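Reading the structure
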Amino acid sequence: MVMVLADPEMLDRLAKSMDRKAGEIPRLKARANTLQAGGEVSGLTALAAWLGVTARELRSRARTLRSPSESRFDSLGAFDLPDTLARQGKGRGPAAELKKILDAHKDGPGAHRGADAAERRAQAVKKYFSGLSRAEQAALAAADPELVGNLDGVPSEIRFAANRMEIQEAFNEESAYLKDLAKDDPRYLRTKKRVDTLRRFMSPRVMEKKDPGGRRVTVEVPRQFLVFDADYGTVGDPKSASFADGRVAEVVGDLENAKKVLLRVPGVTSRLDGFDEFAQGGYDLVRAGYGKVEDPDTAVISWQGYDAPEYGDSLDPEKAVAGGKALAEFRSGISVNLRKDARVDIFAHSYGTLVTAKAIQSGLKNVDNIVFMGSPGLGPGINSVADLHMPGTKFYAMRAPEDFVSYTEGHGKDPADFKGITRLATDRSHRHSEYYKEDSESMNNLQRILFGDTKELTFEHTTLDEEMMGAQELRMLVAFLRAKVPPDVANKMGRDLDPILQNKISGRAGMTDLIGPIQGVLDKHQMLDRVTPQELQKELVALSGSLTYKQTCKAVEEIGAPAWVARAAGGSAMLAATKLLDPASHLVAKGMELERLMNDVGDLFSGDSLMADGVRTVGAAFDLLNQPGWSVPYGRSGR
Amino acid sequence: MTGAAADGKPVEGEPSHELSGEVRAVLRSLFPGGTVLDVPSGISRESVALTAYDEAEGRTTVEITGDLARQLRGCGWAVADGSADARNTGLYAARRDVGGGVFGVEAPAVTFHGIPVRGQNRGDRPTPPFRRTDTSTR
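Basis of the calculations
Residues numbered from 1 in each chain as written. Chains lettered and ligands numbered in written order. Predicted model: local features only at pLDDT ≥ 70, side-chain atom pairs only at ≥ 80, totals over all residues. Heavy atoms only, no water. Helix = DSSP H or I, 4+ residues; strand = E, 2+ residues; numbered from the N terminus. Buried < 20%, exposed > 50% of the residue type's maximum accessible area, 1.4 Å probe, protein only. Contact = heavy atoms within 4.5 Å. Areas by Shrake-Rupley, 256 points an atom, 1.4 Å probe, with all protein chains shown as cover. pLDDT = per-residue confidence, 0-100. Expected span 1.5 Å × (residues − 1). Salt bridge = Lys/Arg side-chain N within 4 Å of Asp/Glu carboxyl O. Pairing = 2+ DSSP bridges. Axes fitted to C-alpha atoms, helices over the stretch in contact; angles between N-to-C directions. Core = buried A, V, L, I, M, F, W, Y, C linked by side-chain atoms within 4.5 Å. Phe/Tyr/Trp six-rings, centres within 6.5 Å; stacked < 30°, edge-to-face > 60°. Lys NZ or Arg CZ within 6 Å of the ring centre and 35° of its normal. Polar contact = N/O pair within 3.5 Å; in protein donor to acceptor, adjacent residues only side chain to side chain. Parallel < 35°, antiparallel > 145°, perpendicular 65-115°, else oblique. Left-handed = near helix turned anticlockwise from the far one by under 90°. Nonpolar A, V, L, I, M, F, W, Y, C, P; charged D, E, K, R; others polar.

**A closer look at the overall build of chain B**
Counting its regular elements, chain B contains two helices and nine strands. In chain B, the order of α-helices and β-strands from amino to carboxyl end is β-β-α-β-β-α-β-β-β-β-β. Burial status across chain B gives 54% buried among its 138 residues. The long-range share in chain B, meaning contacts at least 24 apart out of those at least 6 apart in sequence, stands at 54%. Of the roughly 5,400 Å² of accessible surface on chain B, a fraction of 45% belongs to carbon and sulfur atoms.

**Considering the overall build of chain A**
On a plain count of helices and strands, chain A comes out with 23 helices and 12 strands. Looking at the 639 residues of chain A, the share that counts as buried comes to 55%. A sequence separation of at least 24 residues applies to 71% of the contacts in chain A between residues at least 6 apart. As displayed, chain A offers around 27,700 Å² of accessible surface, 51% of which is attributable to carbon and sulfur atoms.

**Examining the confidence of the model for chain A**
Low-pLDDT stretches of the model should not have their predicted coordinates read in fine detail. When pLDDT is averaged along chain A, the result is 85; 88% of the residues meet or exceed 70. Every residue in residues 585-614 of chain A scores below 50 in pLDDT, and together they form 62 contacts with partners more than four places removed in sequence or on other chains.

**A short note on helix 12 (residues 318-334) of chain A**
Between its first and last C-alpha, helix 12 of chain A extends 24 Å over 17 residues, near the 24 Å set by a 1.5 Å rise per residue. Here helix 12 of chain A has its buried residues at A320(A), G323(A), G324(A), L327(A), A328(A), F330(A), R331(A), S332(A), G333(A) and I334(A).

**Quick look at the pattern of salt bridges**
Residues and elements named next belong to chain A. Tallying each qualifying case throughout the model produces 48 salt bridges over all chains. Between D116 and K365 there is a salt bridge, and its shortest N-O distance comes to 2.7 Å. Placement of the pair is D116 in helix 6 (residues 114-130) and K365 in the loop between helix 13 (351-361) and strand 9 (369-373), with a sequence separation of 249 residues. Look at K365 and you get partly exposed, because its relative accessible area is 31%.

**Quick word on the pairing of strand 3 (residues 35-38) of chain B**
Residue and element names in this part refer to chain B. Covered by surrounding structure in strand 3 are T35 and L37 together with V36 and D38, the residues of both alternating faces. When strand 3 meets strand 4 (residues 48-53), the two strands line up antiparallel, connected through four bridges. Pairing of L37 across the sheet is with T51, part of strand 4.

**Things to note about the sheet that holds strand 4 (residues 224-229) of chain A**
Residue and element names in this part refer to chain A. Reading across the sheet, the eight strands line up as 4-5-7-6-8-9-10-11 and stay open at both edges, with mixed pairing between neighbours. Each end of this open sheet is capped by a strand with a single partner; those strands are strand 4 and strand 11 (422-423). As paired elements, strand 8 (residues 343-349) and strand 9 share five bridges and run parallel to each other. Its bridge partner lying in strand 9, H349 is registered against M373. Here helix 9 (residues 156-179) sits on the sheet in contact with strand 4 and strand 5 (247-252), set at roughly 50° to strand 4.

**Looking at the nonpolar core**
Residue and element names in this part refer to chain A. Residues L98, F129, V148, L226, I301, W303 and F395 are the most contacted members of the largest nonpolar core, which totals 71 residues. When residues in this core are grouped by element, the largest group, six residues, is from helix 13. For I301, the residues in contact, after removing those within four places along its chain, are L226, A249, E250, V251, L255, V261, L262, L263, R264, F330 and I334. If you look at the next biggest cluster of nonpolar residues, it comprises 39 residues, including A279, Y283, M398 and L446.

**Examining the packing of aromatic side chains**
Residues and elements named next belong to chain A. Considering all chains together, one arrives at 15 aromatic pairs over all chains under this definition. Seen from their ring centres, F201 and F275 are 5.8 Å apart, and the 90° between their planes marks the pair as edge-to-face. Note that F201 is positioned in helix 10 (residues 188-202) and F275 in helix 11 (residues 275-288), a separation of 74 residues in sequence. The burial state of F201 is the same as that of F275; both residues are buried. Consider the rings of W303 and Y306, whose centres lie 6.1 Å apart with planes at 20°: the pair is stacked. Here W303 and Y306 have matching classes, each one buried. Of the aromatic side chains, those joined through ring pairs into one cluster are F201, F225, F228, F275 and F278. In this structure, R247 packs its charged tip against the face of Y232, placed 4.7 Å from the ring centre.

**Description of the pairing of strand 8 (residues 109-116) of chain B**
All names here are of chain B. Most of strand 8 sits inside the fold, with eight of its eight residues counted as buried. Residues A109, T111, H113 and I115 line one face of strand 8 and the alternating positions V110, F112, G114 and P116 line the opposite face, and both faces are buried. Where strand 4 lies against strand 8, six bridges are found, and the strand directions are antiparallel. By the bridge assignment, Y53 is partnered in strand 8 with A109. For strand 7 (residues 99-106) and strand 8, the ladder comprises eight bridges, and the chain directions are antiparallel.

**What to know about the side chain of H411(A)**
Residues and elements named next belong to chain A. Its location among the elements puts H411 in the loop between helix 14 (404-408) and strand 11. Looking at H411, its side chain comes within polar contact range of the main-chain oxygen of S314, at 2.6 Å. Leave out the neighbours within four places in its chain, and H411 touches S314, L315, D316, P317, Y351, L354, P376, G377, L378, G379 and P380.

**Describing the confidence of the model for chain B**
Residues and elements named next belong to chain B. Scored by pLDDT, chain B comes out at a mean of 73, with 67% of its residues at no less than 70. Here residues 1-16 scores under 50 on pLDDT; set against residues more than four positions off or in separate chains, the count is 37 contacts. The low-confidence segment residues 119-138, where pLDDT is below 50, has 60 contacts with residues more than four positions distant or belonging to other chains.

**Here we look at the packing of helix 17 (residues 471-484) of chain A against helix 20 (residues 533-558) of chain A**
Residues and elements named next belong to chain A. Running from N to C, helix 17 and helix 20 cross one another at 165°; their axes reach a closest spacing of 10 Å. Here helix 17 is positioned roughly antiparallel relative to helix 20, judged by the angle of their axes. By crossing handedness, the relation of helix 17 to helix 20 is classed as right-handed. In this structure, helix 17 uses Q472, E473, M476, L477, F480, L481 and K484 to contact helix 20, whose residues at the interface are E535, L536, E539, L540, L543, S546, L547 and K550. Residue classes in the contact of helix 17 with helix 20 are distributed as eight nonpolar, two polar and five charged.

Here it is as structure tokens:
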């Protein structure tokens, strides 16, 4: 484990282990005495006492961690901030002054908007704070932590302290709510996960670094939240949660002095309760890339600062537009607190790549490197690096084998295929969620970019067919449907189509197994007039033929046949597949006719899928039609 | 030849199901010195696919198609071969209580795609990665 948080369960286990060791000491001493070696183990008594004391301390700490209860002044103390003025309630005056400054920078007719406005506002905030003493800054944070914690331009440690106060408040409120929830309540698990996450936010984390003598040391440090708002956004899944998804940004490292600053942007289903899973990638990045200790010159911001969609609305770009604006403003806003010469990179994953593209369209600037991972596309009209209009930024992309999101291109062309992009290797990463996997080539490449070792980058040039047989056909199928269905309906259909297409990716379904379920989705969304069953079947038959050709070619080539033989085998396979499907599909499309035929020949072929249904119709061709040209060595089956 | 164990993994020496075995027998007769192998089928979970080829084969596509039809009939298959020509070289064929499908021909290869009758160990077929199941070379 790389990110070690002070986990109460772990502390309890450690305490138990210490008690056990202490309990063994009397026996060891007795044995030593028997062997007349008691003098040589005289230190055991002291060791037993130390173990006992330490175990008690650990248990006490575990209790604290289980139910953190920290005053606002304690929160200031966690970041070594003075609390004298805060205790006197001296923050109210500055808070009122700060609000006046913000009012002067509010968006309105004729006012500056967007990223530039965010930077100007942050500059004004920074200027105001620079006129306050640390004690006054701390008092202001305690007076209005919600405002101060999320305000660009505020010194980062003041934000960290303010957000810690807000986290405590959210923890108090939500843990009280959890107590009243029955364990079989559908909201219980998500709420508990969220309360556990908030508790961990309050717990220190273990940081490994090198001391001035170059020795590796381990220290506990408070977690640093640059953004925290438990009530932000929508309730992603109201059946299993009562709270909004929230927004969070955590910093690993010394943000204001770092020479390299990384912004990480996550994708769908990003919620407060799952934040630590996302944050782990940030810890791994900054640590493993520097001899397994944290690089003092690097700061990573795991920015979950937008209302991410669930799978069901992931084809809707609306949240990406809002998120992109927020990201562009955040980037500009924090710039006033960074070193002037700090290099800033963005690593975006999944829907987060679309958010980043929207940020670019909202005026995102001053980014040195951007990496798109597992992208569903960057939106309409963005088909090359040139379309991003950021000539000073270096763009990279990754697409791991079997990454469903990249294959389906739900929001446009996959940036991994862009002209002008540098596509990076992802060896040992698979599917959609392993780009930050330790020791994978994707992680290695991310670290090479982060730490400036770009000469060591490794690259990828695989085609879809080389990555996963059927990926190309899946991409074509999605493109076919998107071309036929209005965008707003396509967005809504995403929830229903995703599991069907994922069945194909996982190998649980063949191409024609998709006909029925897709037709069902089209029917549900009243799109059967836009995509008729005949059209859908024709498309799937063509895609099946293409896939069959490739699969057979590959199989034959892999056992050593020459390429021309493999192509012939592929051709014969495509012919067989399309011929098999063609009459079947034709008849399947004519539902009533199929039903009649099936009734007639049900005893010859039977099965439970549309494909089997289709083949029954082939059987019908043999057994019923018995037209000229057919040679049947036995009579019609008895009925 | 390949069969399937209880865990679904292919086992050398026994057919995965009857349709596969029947098709394989026909293809081996058609290409006595050639190669027969199971290939993955992207069509459907139920479908069976086998490919046979012989790179030393001298027959044309139409000739192979004709020989295949005769071979099938000789083995008790029902065959629809009325339209076999150089551009349309697929044979619909079915065998009672076993299954049916289409043989596609493109010299020097033949591929079968079809569906077994229910009860023919559906789902026990070897799944990709596909394997060579019956190979001999001249």
